[in-house]
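# Coordinates in review
In case you want the letters, here they are:
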Amino acid sequence: MAAMAVAGGGGGLGFSLNLSHHRRPSSIIISPSSSLSSSSSSSSSRRFRKAFAVKMTATLDEKTKSYSLRKSEEAFNIAKELMPGGVNSPVRAFKSVGGQPIVMDSVKGSHMWDIDGNEYIDYVGSWGPAIIGHADDEVIAALGETMKKGTSFGAPCLLENTLAELVISAVPSIQMVRFVNSGTEACMGALRLARAFTGREYIVKFEGCYHGHADPFLVKAGSGVATLGLPDSPGVPKAATSGTLTSPYNDLETVKDLFESHKGEIAAVILEPVVGNSGFIAPKPGFLEALREITQKNGALLIFDEVMTGFRLSYGGAQEYFGITPDITTLGKIIGGGLPVGAYGGRRDIMEMVAPAGPMYQAGTLSGNPLAMTAGIHTLKRLNQSGRYEYLNKITSELIDGILDAGRRAGHAVCGGYIGGMFGFFFTEGPVYNFSDAKKSDTAKFGRFYRGMLEEGVYLAPSQFEAGFTSLAHSSEDIQQTIAAAEKVFRRI
């Protein structure tokens, strides 16, 4: 897949990077409480005492130690008794890459530290939100000031207006916006809104695109569903997915056939404009334009799920980058600056269907909470400064070009691409245009590569079927160290 670069000019980068922010923040030692200590006869309390006994500090000579995950292993073994699979989101369990899942202790800038003291250059970025870097000093300071006023009001606050104005001014399709608490919630609201506005039931989604874990979307989904090789999830009633139609990504003929066989019945087409939940897959030239034309011709709505691509490919997201304006857009991740958030927005006449302005009901206890609004405001303001996306494009192109070149020189079949601060690569000759192509990847080899990169101090997404992310905190040194690590690992595997 050919690499793609961010459009737009501008004079220079307009800022410099201070590498001192990569210093590890102070660790916290957690001790068992007296109440836990006094319950020695309980097996549950024994587990908790053992959990707290896993020290959260690293020694100063960590650089000289051999790579070890002993403390992570201890913590994860305890976690498996407390939480399903030991995690609160499936892909973190390392099922598809093998080896020991890592328990993290702290993050700063472009780096992470685990509880064994190992340091990593991070290309997951909390799955996308950390676009200006982890634990940014300005964001942390602003959150501290906001917390003095309270963490949640359950009532309107001025910060909601400020973030809404920033989102509306940036994203071409959004004239009104509703804040929620996650990408899943945003997509649920967008789907219900599309059906309410059109009075139709069917939706079209694309194989390998992930729009959260709501029942109607768990049909040929990506992300963790693809990572774990799961079929459509048990517990989802047939009735919940009976209105969901699917097509391979980048396949216009199938979309046309679906509209032909369901004339006047399709409410919307929803997609990731650039797929990130099957790995990084870009749209073929003309694909998004054709979807816009097909939906308009048939009275259906076009929904861009920009939870991942929003404010990452460009300040106005994928729709600004490609010049295609959908009817509804979902957002998340970056607009909360690392705090839980989501949003859906679109044309004013559509959004006025949402309660209390209209009859389509949707609500949320913590929606628009002042902490998420504060982090989002400061993140978006930073992203709107001169040269930010040019810098992201520069370092991401260097990274993916360097990794692909290293892999090919070592005799491996690899392909990949990037746009802005989002990238991905596959262990297959390619090109990769859809999920079926992505599944041709050598996932066993990716697993070996992944574990090798961990040992070299590089943290990638623990799945062949997830995109990677760069940030403004990544330095040229980070990129070169990562490429050098990839060269070593490619030779070893």
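As shown above, the structure is provided for reference.
The structure contained in this document is the topic of the report that follows. For clarity, every value in this text was computed on a predicted model and none was experimentally measured. (Residues numbered from 1 in each chain as written. Predicted model: local features only at pLDDT ≥ 70, side-chain atom pairs only at ≥ 80, totals over all residues. Heavy atoms only, no water.)

## Considerations on the packing of helix α16 (residues 443-455) against helix α17 (residues 476-492)
Put simply, α16 and α17 touch, their axes get as near as 9 Å, and they point 130 degrees apart. Comparing the axis directions of α16 and α17 gives the class oblique. Between α16 and α17 the crossing geometry is right-handed. On α17, the residues that touch Arg448, Phe449, Gly452, Met453 and Glu455 of α16 are Thr482, Ala485, Ala486, Val489, Phe490 and Arg492. Tallied by class, residues from the contact of α16 with α17 come to 6 nonpolar, 2 polar and 3 charged. (Axes fitted to C-alpha atoms, helices over the stretch in contact; angles between N-to-C directions. Helix = DSSP H or I, 4+ residues; strand = E, 2+ residues; numbered from the N terminus. Parallel < 35°, antiparallel > 145°, perpendicular 65-115°, else oblique. Left-handed = near helix turned anticlockwise from the far one by under 90°. Contact = heavy atoms within 4.5 Å. Nonpolar A, V, L, I, M, F, W, Y, C, P; charged D, E, K, R; others polar.)

## Thoughts on the sheet that holds strand β9 (residues 328-332)
A sheet is described by the order of its strands in space; here 7 strands give the open sequence β4-β10-β9-β8-β7-β5-β6, paired in mixed fashion. Both outer strands of the open sheet, β4 (176-180) and β6 (244-247), are each paired with one neighbouring strand and no more. For this sheet, the mean angle separating the axes of adjacent strands, direction not counted, is 20 degrees. Note that strand β5 (residues 202-206) and strand β7 (residues 266-271) share 3 bridges and pair parallel. Considered in β7, the bridge of Ile203 is made with Ala268. Contacting β4, β5, β7, β8 (301-305), β9 and β10 (342-346), helix α6 (residues 183-198) runs over the sheet at an angle of about 165 degrees to β9. Sitting on the sheet, helix α9 (residues 252-261) is in contact with β5, β6 and β7, with an inclination near 150 degrees to β6. (Pairing = 2+ DSSP bridges.)

## Regarding the packing of α9 against helix α10 (residues 287-297)
Packing of α9 against α10 leaves a shortest axis separation of 11 Å and a crossing angle of 10 degrees. Taken together, the axes of α9 and α10 lie roughly parallel to each other. Together, Leu252, Val255, Lys256 and Phe259 of α9 and Phe287, Ala290, Leu291, Ile294 and Thr295 of α10 make up the contact between the two elements. Here the residues of the contact of α9 with α10 sort into 7 nonpolar, 1 polar and 1 charged.

## Points about the pairing of β8
Among the 5 residues of β8, 5 are classified as buried, and the element is accordingly described as predominantly covered. Here β8 shows no split at all, with Leu301, Ile303 and Asp305 on one side and Leu302 and Phe304 on the other all buried. As for the winding sense of the linkage, the β-α-β connection from β7 through α10 to β8 is right-handed. Bridge analysis of β8 against β9 gives 3 bridges, and the strand direction is parallel. When the bridges of β9 are listed, Phe304 appears paired with Thr329. (Buried < 20%, exposed > 50% of the residue type's maximum accessible area, 1.4 Å probe, protein only. Right-handed = clockwise from strand over helix to strand, strands pointing away.)

## Section: unusual backbone geometry
Phi is mostly negative for residues that are not glycine, and the peptide bonds are mostly trans. Residue Pro356 is bonded to the preceding Ala355 through a cis peptide linkage, with omega at 10 degrees. The omega angle of the peptide bond from Gly430 to Pro431 is 0 degrees, so this bond is cis rather than trans. Structurally, Pro431 can be placed in the loop between β12 (422-426) and α15 (435-438). Phi angles above zero are rare outside glycine, and Phe94 is one such case at about 65 degrees. Among the secondary structure elements, Phe94 is positioned in the loop between α3 (70-82) and β1 (104-108). Judged by relative accessible area, which is 2%, Phe94 ranks as buried.

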